[in-house]
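Here's the letter readout for the chains.
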Amino acid sequence: MKNIKDQFEQQGYLILDAFATAEQCDQLMERAMLLANDYKQSDRFSIFQTNNQSATTDDYFLSSGNQIAFFFEKGAFNEHGDLKSDLFHSLNKIGHALHDLDPVFEAFSRNEKTRALANDLGLNNHVLIQSMFIFKHAKIGGEVDVHQDSTFLYTEPESCVGFWFALEDATIENGCLWAEPGGHRTPLRKVFKRKEGGGTTMALLDQTPYDSSNMIPLEVKKGTCIVLHGLLPHYSQPNTSGRSRQAYAIHTIDSQAIYPEWNWLQRDAADRRPF
Ligand code: FE2
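What counts and how
Residues numbered from 1 in each chain as written. Predicted model: local features only at pLDDT ≥ 70, side-chain atom pairs only at ≥ 80, totals over all residues. Heavy atoms only, no water. Helix = DSSP H or I, 4+ residues; strand = E, 2+ residues; numbered from the N terminus. Buried < 20%, exposed > 50% of the residue type's maximum accessible area, 1.4 Å probe, protein only. Contact = heavy atoms within 4.5 Å. Disulfide = S-S within 2.5 Å. Pairing = 2+ DSSP bridges. Donors = N, O, S within 2.8 Å, 3.2 Å for Na, K, Ca; no water. Axes fitted to C-alpha atoms, helices over the stretch in contact; angles between N-to-C directions. Arc of directions from axis to C-beta. Polar contact = N/O pair within 3.5 Å; in protein donor to acceptor, adjacent residues only side chain to side chain.

Asks: What is the right way to look at the environment of Thr201 in this model?
Replies: Examined against the element boundaries, Thr201 turns out to sit in strand β9 (residues 200-204). Judged by its relative accessible area of 32%, Thr201 falls in the partly exposed class. Put simply, Thr201 and Val191 are 10 residues apart on the chain and 8.3 Å apart in space, counted from C-alpha to C-alpha. Those residues in contact with Thr201 that sit more than four places away from it in its chain are Val191, Phe192, Lys193 and Lys195.

Written as structure tokens, this is what we have:
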């Protein structure tokens, strides 16, 4: 049997069943619910609600790299700016520094097991740079278009590797990941940049189309870890089912690689720490 490093380098992804226990998955989902509840009671949310437009601008997103910030599903608000459903079931994700700022997420992200996995993959200099909790709620959980994670966390040389943990069973019906095996050997299509003077822009690098006919669904059980190469094209469909597909993802980069100032996510070097 090939080792996991060879498998990862060949496919561009790796599926590790039963990486996390059901108890660990439940603990993260309970924690996210608690964070969402705290947010609901907070001034931050009342400000967001009264000033919906400005709170959803680039500034909120761009500063979320150092925060525990809350992002809503596209269809969550009515024309008056009020939530159509309860806050928890309106959330799309929480990001992007859970792994540094929340003790429960930190303990899950940084421990002997994740460290050993990173070492087995030869990611000895990799540091955590981003984390997100994804709700993908029943019926409302939206699609994520085909993309490569390196578009959002660009380094020279390219080094982004993501670790995606299924906290619930992920199936085609509830919007599992789809990926193109071997697609990490194709070029990086786009980079997402901060613009001088504010805002962001998507810059085109390569026009090679994504090969959607070769995308396969990665249906996995609760507790599975999917490792994703930064160049691997992947996406997920909307959740049309009656149950959620919660997941937690962390992204890592090589600390020795060049990290441009124009990447959307900017963190001090001291905040880019290993597993
Ligand atoms: Fe992604």
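Asks: It is not clear to me how the state of the cysteines should be interpreted in this structure. Could you clarify?
Replies: Here is the idea: a disulfide is a covalent bond, and it sits between the sulfur atoms of two cysteines. Evaluated as defined, the whole model comprises 0 disulfides. Take Cys25: it sits in no disulfide, and the sulfur closest to it among the cysteines is that of Cys225, at 11 Å.

Asks: What's the story with the pairing of strand β6 (residues 161-166) in this structure? I'm lost.
Replies: A regular strand carries its side chains on alternate faces of the sheet. For β6, a buried count of 6 out of 6 residues is recorded, marking the element as mostly surrounded by other parts of the structure. Of the two faces of β6, both are covered, the one formed by Val161, Phe163 and Phe165 as well as the one formed by Gly162, Trp164 and Ala166. Taken together, the 5 bridges between β6 and strand β11 (residues 225-229) define a ladder with antiparallel strand orientation. Counted as the bridge partner of Phe165 is Cys225 from β11. Two elements, β6 and strand β13 (residues 247-254), share 6 bridges in a ladder whose sense is antiparallel. Residue Ala166 lies in a different strand from β13, and its bridge partner there is Ala247.

Asks: Help me out: how do you make sense of the coordination of the iron ion in this one?
Replies: Donor atoms from the polypeptide that bind the iron ion are His147 (NE2), Asp149 (OD) and His234 (NE2), placed at 2.1 to 2.2 Å. Counting gaps between the donor residues of the iron ion yields the pattern H-x1-D-x84-H. Like His147, the residue Asp149 is buried in the burial classification.

Asks: What am I meant to see in the sheet that holds strand β12 (residues 234-236) here?
Replies: Within a beta sheet, neighbouring strands are joined by backbone hydrogen bonds and run either parallel or antiparallel to one another. One open sheet accounts for 4 strands, arranged β5-β12-β7-β10; its pairing is antiparallel. In the strand order of this sheet, the two ends are held by β5 (144-147) and β10 (216-218), each with one partner. When the angles between neighbouring strand axes are averaged without regard to direction, this sheet yields 25°.

Asks: What should I look at first to understand helix α8 (residues 112-120) in this one?
Replies: Since the α-helix turns once every 3.6 residues, residues separated by three or four places project in the same direction. Listed in full, the buried residues belonging to α8 are Thr114, Leu117 and Ala118. Within α8, the buried residues cover an arc of 100° as seen down the axis, which keeps them to one side. The inward-facing, buried residues of α8 abut α1 (4-11), β1 (13-16), α7 (103-109), β6 and β11. For α8, the capping residue at the N-terminal end is Asn111, with a side-chain oxygen 2.8 Å from the backbone nitrogen of Lys113. One or two steps after α8, the chain reaches Gly122, where phi turns positive at roughly 75°.

Asks: How do you make sense of the side chain of Asn263 when you look at a structure like this?
Replies: Among the secondary structure elements, Asn263 is positioned in the segment after β13. Classification of Asn263 as buried rests on a relative accessible area of 0%. Look past the residues within four positions of Asn263 in its chain and what remains in contact with it is Phe152, Leu153, Tyr154, Phe192 and Arg194.

Asks: Can you help me understand the sheet that holds β1 in this one?
Replies: The strand order across the open sheet formed by 7 strands is β1-β11-β6-β13-β4-β3-β2, and the pairing between neighbours is antiparallel. In the strand order of this sheet, the two ends are held by β1 and β2 (68-72), each with one partner. Taken pair by pair, the neighbouring strands of this sheet meet at an average axis angle of 20°, ignoring direction. Of the strand pairs in this sheet, strand β3 (residues 91-96) and strand β4 (residues 126-134) are connected by 4 bridges, and their pairing is antiparallel. Bridge pairing in β4 places Ile94 opposite Phe133. Across the sheet, α1 touches β1, β6 and β11, and the angle it forms with β1 is around 135°.

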